[in-house]
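Residues per chain, in single letters:
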Amino acid sequence: MNFPKYFQFFIKELNKNRSKITKVFFTIFVSLLIFSSVVILENNIEGEIKNNSRVLLGGDLELSTKNEALDLNFLNELKENFLITEVIEFSSIIRAENEKNKATRIKVIDNFYPLVGRAIVEPPGSLKTLKTKPNTILIDKTSQKNLGLKLGEIIKLQNTPFEVIGVIKSLPDIGGFFVFGDQALIHKSSFRDLKINNLGSFVGFKYKLVKADNNKKLPSSISKYKNLEIKYPEDVSQNLKKAIENFIYFLSIISASAIIISGIGLKNALFSFLSNNQLKIAILKSLGLSSQNIKALYYSQTLLVLIFCSLCAYISSLVLISFIDQSLLNFLKIELKVKFRIYEYLIIQFFSILIFFMFSKPVLDVIDQIKVADLFRNFDTHLNLNYSRRSILEISTLVLIFIFSFCILNVKPQQTAIFFLFFIVISFFYFFLSKFYIVILNKIKNVKNIFFKIGIKNLRVYSSLNSTIIMTMGVGMTVLFFLGILSSNINKELNSSIPENAPHYFFLGIQKNEINLFSQQIRQIDFQAKQIIVPMISARIETINNKKPKEIIDEKNKSFWFINGERRISWSKEPPSNNPLVKGNWWNSDQSNTLELSLDHKVANDLKLEIGDSITFNIYGNSVSGIIKNFRKVDYRDLNINFAILFNPEYASKIPHEFMSTVKFKNDDAVNLGNLLKKLPAINYIKLSDYIKKTKNFLNKLLIVSILISGLVILIGFIVISNAVSVIGNLKVYQNLVLRILGFEKSNIMKLIIFESLILFLPVIISSLLISITFSYFFISSFFNIDWYFNFSVPLIISIFFLFVLVVTLLLSNRKYINFNAYSLLKNG
Amino acid sequence: MNKRLEMKNLYKLDNIHLNYHVNGNDIKVLKNINFVINKNERVAIIGESGSGKTSLLMLMSGLEKPTTGSIFFNNENLSKISEEKVTQIRRKKIGLIFQQFYLLPNYTSLENVMFPMQINNIKNEKKKANLILSDIGLAHRKNNLPSELSGGEQQRVAIARAISFNPEVILADEPTGNLDEKNTELVSDLLINYSFKKKISLILVTHNMGLVKKCDRVIKLFDGSIKV
């Protein structure tokens with residue numbers, strides 16, 4: 001056949017098969033839509049973070065110190081090679097004249113701010129005014145709204161009046177902070193009048209540096225400044241990436257599941273198509289077309305569908321993402337700029353074609369089994385999926401290419417490889433399970449009951465097809481159960497991030513002589529308020545067992561944060577009620593000569609610390625060593641007072657310190673802190689309930705996204721399984737029609753279908769449940785670092801839904817001979 | 001006298017009409033069909049293609065219900081009783097033979113013949129099936145699947161299956177339509193002989209005049225009506 005004729009034939013065939021193509025199109029389209037969306041999101045977020053990391057940091061590098069400014073001489077030395085802007089950050093309360101108040105992170109800027117990026121303010125000239133006019137302030141939109149402020153009004157910061165001259169729309173250098181908090185800008189000249197010296201204000205001095213030219217390096221004298229922290233743009237992008245890594249990984253796993261499911265779906269759809277078109281293929285062969293010609297026809301048809309599908313899915317994803325609520329990403333200062341990128345589209349296309357060859361090649365090879373002789377015998381051949389050595393080798397190579405490509409494009413390559421390994425292992429498991437079935441069935445003999453007899457006969461006769469069904473069902477159900485459990489765990493984790501008993505306020509910077517007044521004020525606001533007051537100091541870890549911590553602990557260690565930067569430390573006579581002791585003994589309260597330490601047991605595990613190890617702290621310039629006495633279980637998520645380190649009280653109480661307090665009011669909405677803040681103006685507070693509300697809002701959105709996406713994948717999984725079930729249903733139509741004519745009642749055929757289904761599916765459901773529980777436990781606790789939990793209702797709902805889908809599918813595929821005239825169907829083909 | 005006559009009736013078709021509704025049009029397949037077939041009678045239904053022969057057979061086997069009229073089988077109105085009841089009657093009393101054979105593809109010859117006995121709970125089904133297969137000269141093919149048999153052999157297995165449970169009537173739709181001369185002769189003889197031997201009524205649709213001649217009576221259809 002020459003090409004134009006072949007093309008004509010190709011188009012005609014495509015047109016004739018359009019109803020079948022439409023059926024398979026939906027599954028592939030939805031899977032590729034999910035996959036494309038994840039690829040676009042991942043690429044965009046990563047790209048944006050990478051491109052903006054310099055802006056997010058506010059320079060080529062950032063030097064920071066806590067509570068004290070950088071040495072002037074050193075600063076001058078730096079100025080020789082760098083452009084520098086100094087930003088001082090601290091938390092404080094701003095009070096409006098109407099007595100409304102708000103805890104805000106204040107940024108003190110100099111005349112050079114910002115060195116990189118743009119600060120967008122309104123009115124546009126207000127940043128310039130801020131730098132020239134003393135005691136002026138720029139506040140953010142939320143504060144303006146909450147405090148009911150207008151431009152020109154006066155607010156008080158640490159009892160000093162400031163004129164509101166503008167509103168901040170966005171600042172460039174968020175550096176991963178200000179995720180939920182409010183912020184305000186004041187100028188350095190105004191800062192000098194404020195009395196910011198207490199610990200609770202968490203004053204941070206940041207120096208954003210821009211190289212005068214590319215070769216400039218930090219002076220060697222920097223090593224003298226041990227408390228100095230250096231950050232580069234890549235640190236910012238790393239931190240931001242880490243913050244969203246789990247979510248992106250979760251999406252990747254889902255999209256991998258989706259495309260594998262669509263591959264299985266494609267395979268089943270092709271097998272069903274070929275089984276139903278045996279006669280046609282035999283006729284085409286009798287008319288002179290070779291197996292190769294026919295294969296080429298179906299290959300090109302399927303590839304065309306895949307190319308069209310990938311293109312539609314990619315374009316739809318672009319449209320979908322541009323319409324989604326981007327507030328999820330706004331906190332990261334990421335603005336998704338989606339556009340058609342040929343590289344992204346090629347990735348989608350590459351994976352879809354790879355999946356097609358992996359799953360469909362052995363199916364299309366069955367065309368060789370269809371013989372023209374069938375036309376003479378008036379019988380169809382039983383098509384078998386035979387995997388020759390060559391095809392096993394070809395498929396294995398494709399699988400390896402697929403896994404390798406998918407993993408290197410993923411945020412967590414090793415973990416993704418393990419996920420695929422799990423896929424391969426369970427595929428083999430179900431393959432052997434299907435073979436085991438046949439062995440068992442062949443051993444069953446002398447069955448008297450007609451249902452069992454026909455049922456067992458059918459299972460034996462269609463063993464090759466049943467193998468495929470068992471593998472599809474097994475892999476499909478395991479993935480669905482796994483996704484269900486994974487999703488419920490992620491959801492629980494998101495939900496439990498918001499504890500019920502969390503306090504409403506954190507008060508910081510309470511001095512010893514203010515404790516009674518503070519307690520009294522709280523009681524005046526609400527007599528039943530629950531308040532906890534604890535002492536607090538700030539310290540930096542100098543050595544662990546006389547070794548510098550950064551030399552022995554890797555940055556990738558989960559508890560690196562513990563040795564990095566300053567730690568707030570408290571002390572307690574008794575073990576805190578929310579921190580049970582897990583190892584060691586509590587201290588003797590009279591022990592005052594030596595410093596004893598109580599540590600978070602997770603940190604101790606990560607850093608391999610033992611009871612009796614020593615840690616040296618730098619506390620206000622003095623080195624103090626202590627011995628680890630015990631470990632506690634600390635759950636930071638309860639949002640109550642939790643310290644990774646506690647000191648023994650007799651020793652620690654001699655160190656200069658201040659206090660912090662948590663308060664839970666009976667009715668948070670009716671609380672007015674006006675009087676308290678007037679009497680104790682230096683106190684700082686964080687309104688946790690606001691934070692919780694914002695977090696809840698954010699997490700709810702994540703929750704909806706994860707439920708929607710996994711729900712969608714589970715749905716397409718059902719469609720694929722249902723298609724697989726209907727393959728076998730369709731193949732039995734002829735046999736069941738003959739049974740009906742011979743006098744087998746409708747109810748008996750239904751019983752037969754149910755019997756066969758139960759034999760086939762019950763062990764699959766049980767095995768898939770057991771495998772998914774085991775694997776999800778391993779996967780969630782190892783890779784997501786969250787506590788695994790099992791909610792029986794999830795697999796139960798999936799199983800019930802699955803049974804429903806199964807019954808509906810079987811009824812639909814068998815409806816021909818259940819409700820209609822049997823003989824006319826046979827007679828008319 | 002009338003009552004005794006009625007006792008002999010196997011089939012009584014009373015004013016049968018069958019219409020199909022296709023693409024908005026009513027196609028009149030059978031028009032005003034009236035006849036009686038007695039027990040142990042051999043009747044050939046002949047007519048041109050499209051005259052309604054197969055449709056008539058479908059009505060008589062209970063696989064289709066008439067648009068109007070009644071079909072009595074052993075005095076039971078097939079057009080009025082439930083589908084389940086019709087299925088039971090077909091299972092126990094009617095043997096069907098088709099031009100395309102319609103053997104169960106995954107069952108051997110022996111299993112195909114045993115099958116109606118199994119669903120009718122007839123004992124010693126294997127022994128009986130073996131006997132029938134020997135009788136029709138296919139003992140050596142009993143373990144072969146239908147796809148491994150020739151057309152004539154497949155039709156002989158189909159006949160064996162139809163008579164295996166001793167039905168009251170065999171309805172055969174062009175049973176020799178797909179066979180060569182030799183096999184046509186063989187199958188025709190088998191059908192007629194079994195009908196006499198087992199006292200089974202035989203109603204067949206055929207174009208084969210040799211087979212027609214072996215029947216007691218002929219019903220000729222023309223354009224959906226009986227041509228007298």
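Each remark here, short or long, concerns the structure printed above.
Everything numeric here is computed off the predicted structure, so don't read it as measured data.

(A) Main features of the overall build of chain A. A tally of helices and strands in chain A yields 27 helices and 20 strands. Counting only residues that meet the buried cut, chain A has 55% of its 829 residues in that class. Contacts spanning at least 24 positions in sequence make up 83% of the contacts within chain A whose residues lie at least 6 apart. With an accessible surface of roughly 38,100 Å², chain A has 58% of that area assigned to carbon and sulfur atoms.

(B) Inspection of helix H5 (residues 125–135) of chain B at higher detail. Within the span of H5(B), buried status applies to Glu125(B), Ala129(B), Ile132(B) and Leu133(B). Looking straight down H5(B), one finds its buried side chains confined to an arc of 100°; they lie on one side. Seen from the open side of H5(B), the exposed residues pointing more than 90 degrees away from its buried face are Lys127(B) and Leu131(B). Contact partners of the buried residues in H5(B): helix H15 (450–461) of chain A together with helix H4 (109–119), helix H6 (151–163) and helix H7 (181–197) of chain B.

(C) Just the interface of chain B and chain A, in detail. Opposite the 32 residues of chain B that make contact, chain A presents 29 residues. Summed over both sides, the interface of chain B with chain A buries roughly 2,900 Å², with 56% coming from carbon and sulfur. At the boundary of chain B with chain A, the tally comes to one salt bridge. Across the pair Lys457(A) and Glu111(B) runs a salt bridge, and its minimum N-O distance is 2.7 Å. Summed over the shared surface of chain B and chain A, the number is one residue pair in polar contact (both at pLDDT 80 or more). Secondary structure elements with two or more residues in the side of chain B that touches chain A: helix H2 (53–60), helix H3 (83–93), H4 and H6 of chain B. In terms of residue count, H3(B) provides more of the side of chain B that touches chain A than any other element does, six residues in total. Among the residues forming the side of chain B that touches chain A, the class breakdown is 13 nonpolar, 10 polar and nine charged.

(D) The arrangement of the environment of Ile470(A) in detail. Residue and element names in this part refer to chain A. Position of isoleucine 470 relative to the elements: it lies in helix H16 (residues 463–496). Overall, the relative accessible area of 2% leaves isoleucine 470 in the buried class. Sequence-wise, isoleucine 470 and lysine 435 are 35 residues apart; in three dimensions their C-alpha atoms are separated by 9.9 Å. Other than its neighbours up to four places away in sequence, isoleucine 470 contacts Tyr430, Leu433, Ser434, Tyr437, Leu760 and Val764.

(E) Structural detail: the sheet that holds strand E2 (residues 25–38) of chain B. Residues and elements named next belong to chain B. Here four strands make up an open sheet; going across it, the order is E2-E1-E4-E5 and the pairing antiparallel. Strands at the two margins of the open sheet, each flanked by one partner only, are E2 and strand E5 (76–77). Note: strand E4 (residues 68–73) against E5, two bridges, orientation antiparallel. Along E5, the bridge assignment pairs phenylalanine 73 with glutamate 76.

(F) Region of the structure containing unusual backbone geometry. Here the bond from Tyr113(A) into Pro114(A) is cis, since omega is -10°, no more than 30 degrees from zero. Relative to the helices and strands, Pro114(A) resides in the loop between strand E3 (101–109) and strand E4 (120–122). Residue Glu122(A) is joined to Pro123(A) through a cis peptide bond whose omega torsion reads -5°. Of note in this structure, Asn166(B) is not a glycine but carries a positive phi near 50°.

(G) Representation of the pattern of salt bridges. All names here are of chain A. Counted under the stated rule, the structure contains 21 salt bridges over all chains. One salt bridge connects glutamate 86 with lysine 188, and the closest N-O pair in it is separated by 2.7 Å. Here glutamate 86, found in strand E2 (residues 82–96), pairs with lysine 188, found in helix H6 (residues 188–191); they are 102 residues apart in sequence, far enough to count as distant. Residue classification places lysine 188 among the partly exposed residues on the basis of a relative accessible area of 28%.

(H) Main features of the side chain of Thr176(B). Note on placement: Thr176(B) falls in the loop between strand E7 (169–173) and H7. Discounting chain neighbours no more than four positions away, the residues touching Thr176(B) are Thr184(B), Val187(B), Ser188(B), Thr206(B), Asn208(B) and Leu211(B).

Rules used in this analysis
- Residues numbered from 1 in each chain as written.
- Chains lettered and ligands numbered in written order.
- Predicted model: local features only at pLDDT ≥ 70, side-chain atom pairs only at ≥ 80, totals over all residues.
- Heavy atoms only, no water.
- Helix = DSSP H or I, 4+ residues; strand = E, 2+ residues; numbered from the N terminus.
- Buried < 20%, exposed > 50% of the residue type's maximum accessible area, 1.4 Å probe, protein only.
- Contact = heavy atoms within 4.5 Å.
- Areas by Shrake-Rupley, 256 points an atom, 1.4 Å probe, with all protein chains shown as cover.
- Arc of directions from axis to C-beta.
- Buried area = accessible area lost by both parts, 1.4 Å probe.
- Salt bridge = Lys/Arg side-chain N within 4 Å of Asp/Glu carboxyl O.
- Polar contact = N/O pair within 3.5 Å; in protein donor to acceptor, adjacent residues only side chain to side chain.
- Nonpolar A, V, L, I, M, F, W, Y, C, P; charged D, E, K, R; others polar.
- Pairing = 2+ DSSP bridges.

Honestly, that's just the spatial picture; any functional story needs more than this.
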